[in-house]
Structure formats: C-alpha cells, structure tokens
Amino acid sequence: MLTRTTIHTGGSWRGALSGETRDVLDPADGLPFAEVAEGGEADADAAVASARAAFDSGVWPGTPVAERAALLRRTADLLVRDREELALLESRDAGKTVEEGRVDVDCVADAFRYFADLVVAEGAGRVVDAGSDTVHSVVVHEPVGVCAMITPWNYPLLQASWKIAPALAAGNTFVIKPSEITPLSTVALIALLAEAGLPAGVANLVTGPGHTVGARLSEHPDVDLVSFTGGLTSGVKVAQAAAPGVKKVALELGGKNPNVVFADACETADGFDTAVDQALNAAFIHSGQVCSAGSRLIVEESVRERFVTELSRRAARIRLGRGTEKDVECGPLVSRAQLERTEAYVASALAEGAVLRTGGRRPAPSAARPDGGYFYEPTVLDRCHRRMRVVREEIFGPVLTVETFRTEDEAVALANDTEYGLAGAVWTTDAARARRVAGRLRHGTVWINDFHPYLPQAEWGGFGKSGVGRELGPSGLAEYRETKHVYQNLAPRPVRWFSG
C-alpha cells in the first residue's frame, strides 16, 4: 500500500496534526491501495498562514513574469516525463482507463504551457488617454493574493491544473484541497512544482474532507479568492461561507448537457455512424462522470427509433473493467456511493415511465471486473420527458436519457429547459441551422458536429446554476487578478477649489 505524508505547507511534507489518516480505495475492486493524511481545520489554518506569508513577502508575486512562465514550462516538461506514472495513478485513483489518464496528463501540460505563453505575451498595462499631456494613466493587473482551490474527484489532475497554472502565472500563492476520494495525482503535482523550483510556501496542499478543510478554507479571513469545482449543493455552501469576507469566488458546478441531433445529420451512412459514435462518447466517457457529459440525447422524432436502436446496440458492447486492463473501454464508478446513486436514478426513471433499452444493472464479475468493483452497465433510457428526475438532475453515471422533437424551436426549447447551462451540442448538415441553434443555446460551450473537445485558450464555464466565472482562456487568468488604475499627474498644481 502506498503511504504518503500528504499535507504540504511551507515547503515541507507532513501528516495531519491530528495524526488521522484515510484509506484511498481502488474503485475497480473496492480495496484500499493508499493511505493519506486526514487533515482538519488546524491543518487548513497552517496552510493558509504559509500561503499568506509567502505572498506578503513578495517571494512569488515579486518574481519577474518571465521567470514565473519558465517555472510553468518546467512543470509541463516534468508532467511529460512522468506521463505514464501519473496516468496509472489517475486510473487507480479515479477508475478511468489508463489511456484517458494519458490524455489528462497531456491536457494538463498544455494548460501550463498556455498560461506561461499568455502571461509573457501581455504588455505592462493598458494606457488610458486622460485628455492631457500632463497626466499618465494606466490600468495594470496584480495578483489577488492567497487563493483557496477545492477540486472534484472526477478529473483531479486536470481540474487542479486549470486553477494552479493561471494562479501561479498571475503571481498568487495558494492552498489546494483535492477530493478526499481521489487526492493522489494532486499530491504528485505539488511535488512536481517543488521539483521545478517553486519557492517554499507558494503551493500548499491539505488532504481532508470538504465539511472541515473545504469549509475552513472558504471562510478563512486570510483567503482572498475561493475557486471551487464540484456539485451545486456544495458550491452554494462555499459561496455562503465566502460571502461574509466578500472574497472573490469562482464556481464551476456541473451541468445537464443536451446533445441535439437533427435528422439531416443521419442522412448518409457516414453521418449516421459519426453521430451515433459521438453520442456514445458524449454520454459514456469515464462512465459518464464528466461535468460536460452529453447525458441528454435530444433527437429528431423521424430518426429516433433507428438512432436509439443502434446506439443501444453499441452501448451494450462497451467493454467494462479495471482501467489498467488491456482492451478495457470504460472503468468503474468512483465509489460505492456513486454506484448506488446511479442505481437510484435509474429506478426512479423506470418508475416514472422511462423505457430501458440497454444496461440498468451491475455487470457480472469477471477477471477484468472484480466482484467488489463499482461497475455499472452503460444505460440508455428511452421515452423520457422533462418531468423526470433523471432528465433534470445531474447523475454523474453512465446513464443516457432520450427525448425527441419535431421542430427546431422545440429542439432549442428542450435543450435550454434546464437550470444548468454548461455545455451542449448540435448535429446537422445545415450550416445556417447550426449557427442559429448554437446562437440560441444558453450554454457556456456549444459544439457543432462534435462533443467534448476543449482548448486551453478558450474559456470554460457555464450559464445559470452551472456556476460563476470562467476557467481557461484570458478570462481564466483574469479570475486570479485584481485590476488597478494608476493615475499620475506629471505637473501637479493647486486646485483652489476652496477659497481658504
């Protein structure tokens, strides 16, 4: 079993001040394979104090931009060096396949390089014309200060990088709390930052539960910004805890994402095959444990039966198993709680009239699927409607619901009929329709004839209850900055407003 002193403060690794530990379970068999420190409020306080001291000393915010960028690039190189080890760790920790883990590591390295390039390419500030030759006016950007980062269990390494890379590029210090379920790759990333030469105290890590460590970081008076990625309920609690301190808050809270398929996308054999294949990818990558999963298939009625029949046939053939096994296409759910949550949603859908086309159960154990693993078959539920919980609420499991439409207006209305607004897609060969529908969808990312790709240079975030703020892109860097206007009078003289 891997045993780690997983709390990092002031440049040193240690255990929890309480001495408590937590087992990390392999979701493929439900057995512990690592042990981490179970931090608490006192550990969070110590980490914030370390980050505060490092920021106030100027050790990182005072580092020249070129040197900050160089450290981000060195970190990217180390990620590439350790790609296989990190991919395997992500697979055992989160349950995904090793190949998915490799893709994650590549994306993390890309994010570090992108923010390095972005911050170097910027000018010294934006000069503002004050209308006078005797005034020099400029708008500059400065780091926020101490950032608290709380990350989810589904993409632990990736989500950590989306926060850490821009925060460091902007000159901040931080404390990160990964999910207690999947903390190991974040621990590895903090170690790589230290190896790359990040000064002590700039990066701090506390492993532990959200209701103690996360809550304390959110309310801490010495924290200037809280960035949270996770569920809606927890995100509301974070915002409430941060509100009395009037901190900057960034929240990415998931989605219930529509994948809209028009009949014209299925007119040719290649078009039909591609749309079905992408619908599978949209719904079942990482067992549906993706905030942007296309878990709502909204398909034109004239092609519904043909489309759903073929989709269900292919879904039933997805190879489930331990993510480290050869030829496995989809791993387990991350925890027993997530498995039981998925089962409950499917049961509720069937009780409300949904038609089960495939899946809907735990698979039989096999050599690749140990008996104690949290496996659930890819599930397709037909004849769904908006009143069903399974259509309205985020599941985070391998469950695809099917709704139908007849007109473009109806398709848009269904796609937008959600309290979330993270991502969505439209499939059509009609370019004008594609632009119209994309323009009308109230979602932060809209794909046309594709699903899931993202670019580090393009903002990521959602409308409605999918959160506030953006990650990635220039706006992702701006989240970790304060804007300051510096107005210099080059020829000061008395105003004589007052006669005395």
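Residues numbered from 1 in each chain as written. Predicted model: local features only at pLDDT ≥ 70, side-chain atom pairs only at ≥ 80, totals over all residues. Heavy atoms only, no water.

### Thoughts on the pattern of salt bridges
And then number 1: In the structure shown here, the tally under the stated rule is 43 salt bridges.
And then number 2: Salt-bridge contacts for Asp-106 lead to Arg-83; the nearest nitrogen and oxygen are separated by 2.8 Å. With Asp-106 in helix α4 (residues 98–121) and Arg-83 in helix α3 (residues 83–94), this pair connects stretches of sequence that are 23 residues apart.
And then number 3: Here Arg-83 falls in the partly exposed class, since its relative accessible area comes to 24%. (Salt bridge = Lys/Arg side-chain N within 4 Å of Asp/Glu carboxyl O. Helix = DSSP H or I, 4+ residues; strand = E, 2+ residues; numbered from the N terminus. Buried < 20%, exposed > 50% of the residue type's maximum accessible area, 1.4 Å probe, protein only.)

### Observations regarding the pairing of strand β9 (residues 173–177)
And then number 1: Here β9 lies mainly inside the structure; five of its five residues are buried.
And then number 2: Residues Thr-173, Val-175 and Lys-177 line one face of β9 and the alternating positions Phe-174 and Ile-176 line the opposite face, and both faces are buried.
And then number 3: With five bridges connecting them, strand β8 (residues 146–150) and β9 associate as parallel partners. Residue Cys-147 lies in a different strand from β9, and its bridge partner there is Phe-174.
And then number 4: Of the crossover connections in this fold, the one passing from β8 over helix α5 (residues 156–170) to the parallel β9 is right-handed.
And then number 5: With three bridges connecting them, β9 and strand β10 (residues 203–205) associate as parallel partners. Residue Phe-174 lies in a different strand from β10, and its bridge partner there is Ala-203. (Pairing = 2+ DSSP bridges. Right-handed = clockwise from strand over helix to strand, strands pointing away.)

### Things to note about the sheet that holds strand β17 (residues 399–405)
And then number 1: In spatial order, the strands read β15-β16-β17-β14-β13-β18-β19; together these seven strands make up an open sheet with mixed pairing. Each end of this open sheet is capped by a strand with a single partner; those strands are β15 (355–358) and β19 (445–448). Adjacent strand axes in the sheet meet at a mean angle of 25° when their direction is disregarded.
And then number 2: As paired strands, strand β16 (residues 379–382) and β17 are joined by three bridges and run parallel to one another. Pairing of Val-380 across the sheet is with Leu-400, part of β17. (Axes fitted to C-alpha atoms, helices over the stretch in contact; angles between N-to-C directions.)

### A word on the environment of Ser-287
And then number 1: Within the element layout of this structure, Ser-287 appears in the loop between α9 (269–284) and β14 (296–300).
And then number 2: Separated by 91 residues in the primary sequence, Ser-287 and Pro-378 have C-alpha atoms spaced 7.4 Å apart.
And then number 3: Discounting residues that sit within four places of it in the chain, Ser-287 has contacts with Cys-330, Gly-331, Pro-332, Leu-333, Gly-397 and Pro-398. (Contact = heavy atoms within 4.5 Å.)

### Some words on the state of the cysteines
And then number 1: One pass over the full model with this rule turns up zero disulfides.
And then number 2: The thiol of Cys-330 is not disulfide-bonded; the next cysteine sulfur, from Cys-291, is found 16 Å away.
And then number 3: Here Cys-330 falls in the buried class, since its relative accessible area comes to 2%. (Disulfide = S-S within 2.5 Å.)

### Details of the nonpolar core
And then number 1: The biggest cluster of nonpolar side chains holds 94 residues, and the ones touching the most others in it are Phe-112, Ile-164, Phe-174, Leu-193 and Phe-307.
And then number 2: The contacts of Phe-307, once residues within four sequence positions are left out, are Val-261, Cys-266, Phe-272, Ala-275, Val-276, Ala-279, Leu-297 and Val-299.
And then number 3: Counting residues in hydrophobic clusters, the runner-up holds 22 residues, among them Ala-44, Val-175, Val-226 and Leu-251. (Core = buried A, V, L, I, M, F, W, Y, C linked by side-chain atoms within 4.5 Å.)

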